[in-house]
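Take a look at the letters that make up each chain.
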Amino acid sequence: MSDILRRGRLELVPDKEIMEYTTSLKADRWIFDADILVDFAHTVMLTEQGIIKRSASESILKGLMQIRDEGIDQLDNSYEDIHIALEARLIELVGEDIGGRMHSGRSRNDEVATCIRLRLREELLGIMEDLLHLRAVLLDIADKNRDTIMPGFTHLQHAQPTTMGHHMMAHQQAFGRDFERVMDCFARVNRSPLGAAAFASTGFAINRERTRELLGFNEIIENSMDAVSSRDFLIETASVIACIMVNLTRIAEELVLWSSKEFSFIELSDQYASTSSIMPQKKNPDTAELLRGKSGVATGNLMALLTICKGLPLSYNRDLQEATPLIWNSIQTCRTSLRITAGMLASMKINENVLAEQSTTGFTTATELADTLVRECDIPFRTAHQIVGQLARMEGVPTFADIERVGKDILGESLIERGLSEQMLKEALDPMLNVKRRNTTGGPNPDEISNSIMRIKKQLSAEEEKVTNIRQSIDRALNNLMQTVDKYTGN
Ligand code: ARG
């Protein structure tokens, strides 16, 4: 048997079904590039530490370069994972006497954990960028719709007038918190488990700090048992993603509702719609529905990760292999969902007339009318609430006479004598004035929205700069690693 992993200890070869059951090669596509980088860094460190000879590391690094150029498809797919398939190819290229030295002082356990963290940190930076883009799109729509009056809802019942700008800013704010969560999570992902070996570290005089530096990690995960066996960083990532997806579904749900005939608030671009195979008139918001549905997958991945990791004794257990593909699936779902949502929002048509018309249906100005009675007639809010509540039972918008009559019934006094005028009533019933009066921080007043947009724009640039700085520091480390590799291989 030529299998470099099994030939020593094992006699029988797994059959096709067992192999397919146990291999991680399919999901390992995600970590192929990362694995080469980890091999580069480990080999450089082993050489610097005098554990392998410079001449050997030259061949190993050259071999790794060739493997990188050949790509994952050239690897022998009968191996149980990328790490061993890659090492087997290396040995095929440079011989066992040299290639067989690369894995000194290392195990696939610390190797795989390092690879996952390397790729994941890249994806987290990607998610942060996708979030920044989505937030910029929401800001842009908000900016254009500071004066687009619409009904605001609670319990999905018409509640008070607001604006599309205010509404979009609300979603933006939620994604701002998601951004912070991804950034926090990134700090815990960007740590190096390399050097932990199987779990008990190694007797070779390796330098964990050096591989950390070469791979651009922030710090090392000190305890070697914890380093190989913990996947809480996957649980954390999956939970942050589940949160993002849930926030996205709130938009998805609104897009589905708003594009229905009953609402007609918006029309989605045809790109994001489907039609029916039988009902030729249909324009269905399928992309938004799928977004809503895909969140279930992200939530499921979080549950599966928690369940896989629960009760695992220290240290490495092969169960952990089942955890990794879930995170790639969550990553992919989340990143495409963020981009699709941004596209769907940026291209939708907002039906301003319908929104304006609907902004007062269901007597949405009732709160402002009650507030007016409090302000102008100096009555308690609870009493005003009762007066307007009684008025709301009637058909249509109350007239000045209606208010005076109900006011007298409840209060036993004339609201007019207490200072109410027809002009005040008119203003209270005007949806735009309702919105303008709500000018406290975070309210829908268009000037307040402008201020808020300005503040968030600054925040977005600061956050963009943070992501760029992180990317640059990782790039610097990896460039330095590649320069070192080039130096060793004489490139
Ligand atoms: N494919 C494995 C995983 O994803 C790599 C580590 C395997 N280690 C082992 N001792 N079998 O976890």
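Reading the values: the criteria
Residues numbered from 1 in each chain as written. Predicted model: local features only at pLDDT ≥ 70, side-chain atom pairs only at ≥ 80, totals over all residues. Heavy atoms only, no water. Helix = DSSP H or I, 4+ residues; strand = E, 2+ residues; numbered from the N terminus. Rg over C-alpha atoms; globule rule 2.2 N^0.38 Å. Areas by Shrake-Rupley, 256 points an atom, 1.4 Å probe, with all protein chains shown as cover. Lys, Arg positive; Asp, Glu negative; His and termini not counted. Charge placed at Lys NZ, Arg CZ, Asp CG, Glu CD. Contact = heavy atoms within 4.5 Å. Polar contact = N/O pair within 3.5 Å; in protein donor to acceptor, adjacent residues only side chain to side chain. Pairing = 2+ DSSP bridges. Salt bridge = Lys/Arg side-chain N within 4 Å of Asp/Glu carboxyl O. Buried < 20%, exposed > 50% of the residue type's maximum accessible area, 1.4 Å probe, protein only. Core = buried A, V, L, I, M, F, W, Y, C linked by side-chain atoms within 4.5 Å.

Peer 1: Could you give me a rundown of the overall build of the protein, with the residues and numbers involved?
Peer 2: Scanning the protein for helices and strands turns up 19 helices and 6 strands. Here the C-alpha radius of gyration of the protein, 31 Å, is well above what a compact globule of 491 residues would show, namely 23 Å. A principal-axis box enclosing the C-alpha atoms of the protein has dimensions of 100 × 50 × 45 Å. Taken as a whole, the protein presents about 23,500 Å² of accessible surface, with 49% of it coming from carbon and sulfur. Charge centroids of the protein, computed over 56 positive and 71 negative side chains, lie 2 Å from each other.

Peer 1: Please give an account of the environment of T333 that cites residues and values.
Peer 2: Counting through the fold element by element, T333 comes out in helix 12 (residues 320-347). Each C-alpha atom of the pair T333 and L291 lies 9.0 Å from the other, and the pair is 42 residues apart in sequence. What T333 contacts, discounting residues up to four positions off in sequence, is M245 and K294. Looking at T333, its side chain comes within polar contact range of the main-chain oxygen of N329, at 2.6 Å.

Peer 1: Go over the pairing of strand 2 (residues 157-163), please, and point to the residues and values.
Peer 2: Within a regular strand, side chains alternate between the sheet's two faces. Here strand 1 (residues 149-154) pairs with strand 2 via 6 bridges, running antiparallel. Note on strand 2: the bridge partner recorded for I149 is T163. Linkage of strand 1 to strand 2, two consecutive antiparallel strands, is achieved through a turn of 2 residues, within which H155 is found at a positive phi near 55 degrees.

Peer 1: Quick one: what's the story with the pattern of salt bridges, residue by residue and with numbers?
Peer 2: According to the stated counting rule, one finds 39 salt bridges in the structure shown. For R191, the salt bridge is made with E219, and the minimal N-O distance between the two is 3.7 Å. Pair noted here: R191 is in strand 3 (residues 191-192) and E219 is in strand 4 (residues 219-220), with a separation of 28 residues, a long-range link. R191 sits in the partly exposed class, given a relative accessible area of 26%.

Peer 1: With reference to specific residues and values, describe the nonpolar core.
Peer 2: By size, the foremost hydrophobic cluster in this structure holds 116 residues, and its most contacted members are F40, I127 and L481. In terms of residues, this core owes the most to one element, helix 6 (residues 108-144), which gives 17 residues. Within the second largest apolar cluster, 20 residues are counted, among which are F363, V388, F400 and V406.

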